[in-house]
There are 2 protein chains.
Amino acid sequence: MKCIESIKEFDGYLSRYTHDSIVCDCEMTFSVFMPMQAKSHKVPSLYWLSGLTCNDDNARVKAGAQRYAAEQGIALIFPDTSPRGELVEDRDDRYDLGQGAGFYVNATQEPWKINYQMFDYISYELPALVENILALIPDAKSISGHSMGGHGALICALKNPTNFRSVSAFAPICNPVKSAWGKSCFSEYLGDDSQVWRQYDATCLVEDGAKLTNILIDQGLADEFYNDKQLLPENFETACEQEGQKLNLRLHEGYDHSYHFISTFIGEHITYHANALKNSIKNMDIMKLGF
Amino acid sequence: MKCIESIKEFDGYLSRYTHDSIVCDCEMTFSVFMPMQAKSHKVPSLYWLSGLTCNDDNARVKAGAQRYAAEQGIALIFPDTSPRGELVEDRDDRYDLGQGAGFYVNATQEPWKINYQMFDYISYELPALVENILALIPDAKSISGHSMGGHGALICALKNPTNFRSVSAFAPICNPVKSAWGKSCFSEYLGDDSQVWRQYDATCLVEDGAKLTNILIDQGLADEFYNDKQLLPENFETACEQEGQKLNLRLHEGYDHSYHFISTFIGEHITYHANALKNSIKNMDIMKLGF
């Protein structure tokens with residue numbers, strides 16, 4: 001893991017790293033904001049998964065999250081949205097498939113399966129790497145994301161309920177097996193059996209019994225992709241109601257799909273995660289916290 | 001004046017406009033954030049002048065200012081950094097001259113003088129336009145900016161002390177007549193007579209007797225352009241000391257020239273301007289405020 005950039009911000013440091021990923025079989029880039037508090041003790045972390053076409057830089061520049069993370073004393077981890085590089089499969093004619101569009105699944109199909117193992121990368125490889133090297137409390141991590149990254153946050157939490165302390169999402173793709181984006185990309189990454197797709201679909205996972213303490217979702221009502229039925233939070237809400245899954249779905253009049261929407265509500269999401277993370281470390285062994 | 005985009009953010013609206021500028025003799029683009037408070041009454045405004053290579057979009061996406069402006073109930077005006085367009089002179093081989101690099105002066109030299117009248121545009125034409133159409137209190141405006149835009153903010157305030165209620169800057173070019181950027185661009189825009197340059201140089205203006213109530217400047221000590229002697233806040237500080245000009249120059253260990261530096265301190269700048277603006281409207285005619 002090599003630090004290629006470090007910028008002071010809110011008394012902490014926003015750094016960018018590259019490393020050789022085993023699961024994705026290529027060099028991966030990610031960013032981390034470490035708050036000032038990490039100078040004296042280990043801190044909890046919040047993973048942010050970005051949407052289609054983004055890399056690790058978009059949210060750290062546009063979301064306005066570092067200010068709140070600095071106040072709360074939590075680290076922010078910004079992974080990339082896919083494997084990258086000249087040797088990594090891509091589809092130049094598609095913004096929603098290939099590089100920048102990994103959909104946070106473990107691909108099973110040629111030619112994607114060699115590199116496109118984003119589910120394992122986000123769930124296991126990256127946390128193990130950063131918790132080993134940075135002042136992060138193991139087992140005190142939460143996850144959030146936007147659009148394709150909101151989908152990623154939901155499935156990462158739902159598939160491993162003990163892995164993340166809390167989950168939230170902005171305008172997530174809630175039911176990819178029923179959206180145009182999801183159908184098109186899942187068939188490429190996962191093949192034609194739509195039963196397999198259900199394993200990476202938040203709505204299906206809830207229908208199939210996955211259960212979390214709580215889920216927070218913000219959705220703008222002037223969001224073009226919401227209105228195009230790409231996001232389908234109503235399907236997720238129905239599944240949660242039917243299965244008794246607690247969900248706080250907030251619909252916001254007039255807000256669109258952009259980072260301006262995210263920046264408006266990111267502070268509330270970070271407070272939500274910080275509370276869950278602080279509760280989770282209350283009873284932890286003091287040695288684990290590194291005080 | 002035509003609205004080409006409007007995005008909801010922090011309960012207010014971030015909108016982008018185009019209009020035919022008389023002083024710049026071309027179509028100009030700018031953005032405005034109108035806080036929620038402007039729905040019921042006119043609000044004060046803060047002009048933000050961006051740096052080299054920027055347009056009206058950079059600060060509105062990266063600075064994190066809207067959150068604080070929404071809290072304080074002040075509008076943000078984001079002008080472009082130069083005239084633009086196919087018919088507007090440019091220098092493709094230079095990032096620091098031509099489009100994106102107007103230096104907020106009124107050019108006197110060919111071929112620049114037809115369009116490059118940014119001083120008059122920022123000081124007179126744009127305020128008159130937006131105050132006529134939007135819910136802004138006339139005569140309740142302040143100004144800030146970054147790098148070349150910090151220079152712009154300082155000279156706009158110093159040359160017309162009654163035009164803006166308060167001024168601040170992030171890493172401003174404080175003494176362009178002595179910096180490489182300034183020498184190279186002022187000779188293009190203003191000709192070879194360096195006495196003329198003094199009229200657009202904050203340090204020279206203070207030396208020559210301009211006086212303001214107060215000036216706030218933040219400068220990072222890990223800023224490559226500070227270390228390259230492009231910014232020269234020390235010269236400005238000396239002039240202020242000699243002339244009895246009040247200056248709060250804050251030097252910040254470890255901070256660079258980026259928007260991450262700006263985002264760290266923008267909240268304090270907006271509070272500073274909001275206080276000055278609120279004082280300035282205390283004794284205004286209630287009709288002018290449009291309550």
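None of these values were measured; they are calculated from a predicted model. (Residues numbered from 1 in each chain as written. Chains lettered and ligands numbered in written order. Predicted model: local features only at pLDDT ≥ 70, side-chain atom pairs only at ≥ 80, totals over all residues. Heavy atoms only, no water.)

Attention shifts here to helix 5 (residues 180-190) of chain A. All names here are of chain A. Listed in full, the buried residues belonging to helix 5 are Trp181, Gly182, Cys185, Phe186, Tyr189 and Leu190. Projected onto a plane normal to the axis of helix 5, the buried residues spread over an arc of 105 degrees and lie on a single side. Packing partners of the buried residues in helix 5 comprise helix 4 (148-159), helix 6 (194-197) and helix 8 (224-227). Of the residues one or two after helix 5, glycine 191 is the one with positive phi, at around 90 degrees. (Buried < 20%, exposed > 50% of the residue type's maximum accessible area, 1.4 Å probe, protein only. Helix = DSSP H or I, 4+ residues; strand = E, 2+ residues; numbered from the N terminus. Arc of directions from axis to C-beta. Contact = heavy atoms within 4.5 Å.)

It is worth spelling out the relation of the copies chain A and chain B at this point. Its rotation angle being 180 degrees, the transformation that places chain A on chain B also includes 0.0 Å of axial translation and leaves an RMSD of 0.0 Å. Put plainly, the chains are arranged around a two-fold axis. Same-surface contact between copies: 100% of interface residues of chain A are shared with the interface of chain B. (Least-squares fit on C-alpha atoms with pLDDT ≥ 70 in both.)

All names here are of chain B. Strand order in this open sheet of six strands is 1-2-3-5-4-6, and the pairing throughout is mixed. On the outer flanks of this sheet lie strand 1 (2-9) and strand 6 (136-145), each paired with one strand and no other. The average angle at which neighbouring strand axes cross in this sheet is 25 degrees, direction not considered. Across three bridges, the pairing between strand 4 (residues 43-49) and strand 5 (residues 75-79) is parallel. Residue serine 45 lies in a different strand from strand 5, and its bridge partner there is alanine 75. Across the sheet, helix 10 (residues 259-281) touches strand 4, strand 5 and strand 6, and the angle it forms with strand 6 is around 150 degrees. (Pairing = 2+ DSSP bridges. Axes fitted to C-alpha atoms, helices over the stretch in contact; angles between N-to-C directions.)

Time to look at the interface of chain A and chain B. Contact residues are listed per partner, giving 20 residues for chain A and 20 residues for chain B. Each partner contributes to the roughly 1,800 Å² buried at the junction of chain A and chain B, and carbon and sulfur atoms together form 52% of this total. The three residues of chain A that bury the most area against chain B are Lys8, Tyr255 and His260 of chain A, which together make up 34% of that side's buried surface. Our enumeration of links across chain A and chain B arrives at zero salt bridges. Summed over the shared surface of chain A and chain B, the result is twelve residue pairs in polar contact (both at pLDDT 80 or more). Residue assignment for the side of chain A that touches chain B shows that the elements contributing at least two residues are strand 1 (2-9), helix 1 (57-62), helix 2 (66-72) and helix 10 (259-281) of chain A. In terms of residue class, the side of chain A that touches chain B is made up of six nonpolar, six polar and eight charged. (Buried area = accessible area lost by both parts, 1.4 Å probe. Salt bridge = Lys/Arg side-chain N within 4 Å of Asp/Glu carboxyl O. Polar contact = N/O pair within 3.5 Å; in protein donor to acceptor, adjacent residues only side chain to side chain. Nonpolar A, V, L, I, M, F, W, Y, C, P; charged D, E, K, R; others polar.)

This part is about the pattern of salt bridges. All names here are of chain B. In total, this model carries 28 salt bridges over all chains according to the counting rule given. Where arginine 91 meets glutamate 188, a salt bridge forms, and the shortest distance between an N and an O atom there is 3.5 Å. Highlighted residues: arginine 91 in the loop between strand 5 and helix 3 (118-133) and glutamate 188 in helix 5 (residues 180-190), separated in sequence by 97 residues. Under the relative-accessibility criterion, glutamate 188 is labelled partly exposed at 23%. Between glutamate 207 and arginine 198 there is a salt bridge; the shortest N-O distance is 3.1 Å.

Residue and element names in this part refer to chain A. Two numbers describe how helix 3 (residues 118-133) lies on helix 4: the axes approach to 11 Å, and their chain directions differ by 65 degrees. In this structure, the crossing between helix 3 and helix 4 has a hand that is right-handed. Contact residues: helix 3 offers Phe119, Ile122 and Ser123, while helix 4 offers Ile155, Cys156 and Lys159. Broken down by class, the residue content of the contact of helix 3 with helix 4 amounts to four nonpolar, one polar and one charged. (Left-handed = near helix turned anticlockwise from the far one by under 90°.)

So, about the packing of aromatic side chains. Residues and elements named next belong to chain A. One pass over the structure, following the stated rule, counts 28 aromatic pairs over all chains. Ring plane angle 75 degrees and centroid distance 6.0 Å describe the contact between tyrosine 47 and phenylalanine 164, whose orientation is recorded as edge-to-face. Remark: phenylalanine 164 occurs in the loop between helix 4 and strand 7 (168-170) and tyrosine 47 occurs in strand 4 (residues 43-49); sequence separation between them is 117 residues. Each member of the pair, tyrosine 47 as well as phenylalanine 164, is classed as buried. Both rings, one in tyrosine 255 and one in phenylalanine 265, keep their centres 5.2 Å apart while their planes meet at 70 degrees; by these two values the pair is edge-to-face. Note that tyrosine 255 is positioned in the loop between strand 9 (248-252) and helix 10 and phenylalanine 265 in helix 10, a separation of ten residues in sequence. Each member of the pair, tyrosine 255 as well as phenylalanine 265, is classed as buried. Taken together, the ring pairs in this structure connect Trp48, Phe170, Tyr255, Phe261 and Phe265 into an aromatic cluster. A cation sits over an aromatic face here: lysine 159 above tyrosine 200, 4.5 Å from the ring centre. (Phe/Tyr/Trp six-rings, centres within 6.5 Å; stacked < 30°, edge-to-face > 60°. Lys NZ or Arg CZ within 6 Å of the ring centre and 35° of its normal.)

Here we come to the side chain of serine 166 of chain B. Residue and element names in this part refer to chain B. Inspection of the secondary structure puts serine 166 in the loop between helix 4 (148-159) and strand 7 (168-170). The buried category is assigned to serine 166, whose relative accessible area is 7%. A polar atom in the side chain of serine 166 sits 2.7 Å from the side chain of histidine 273. Among residues more than four places away in sequence, those in contact with serine 166 are Ser142, Ile143, Tyr272, His273 and Ala276.

All quantities given are derived from atomic positions and should not be read as evidence of function.
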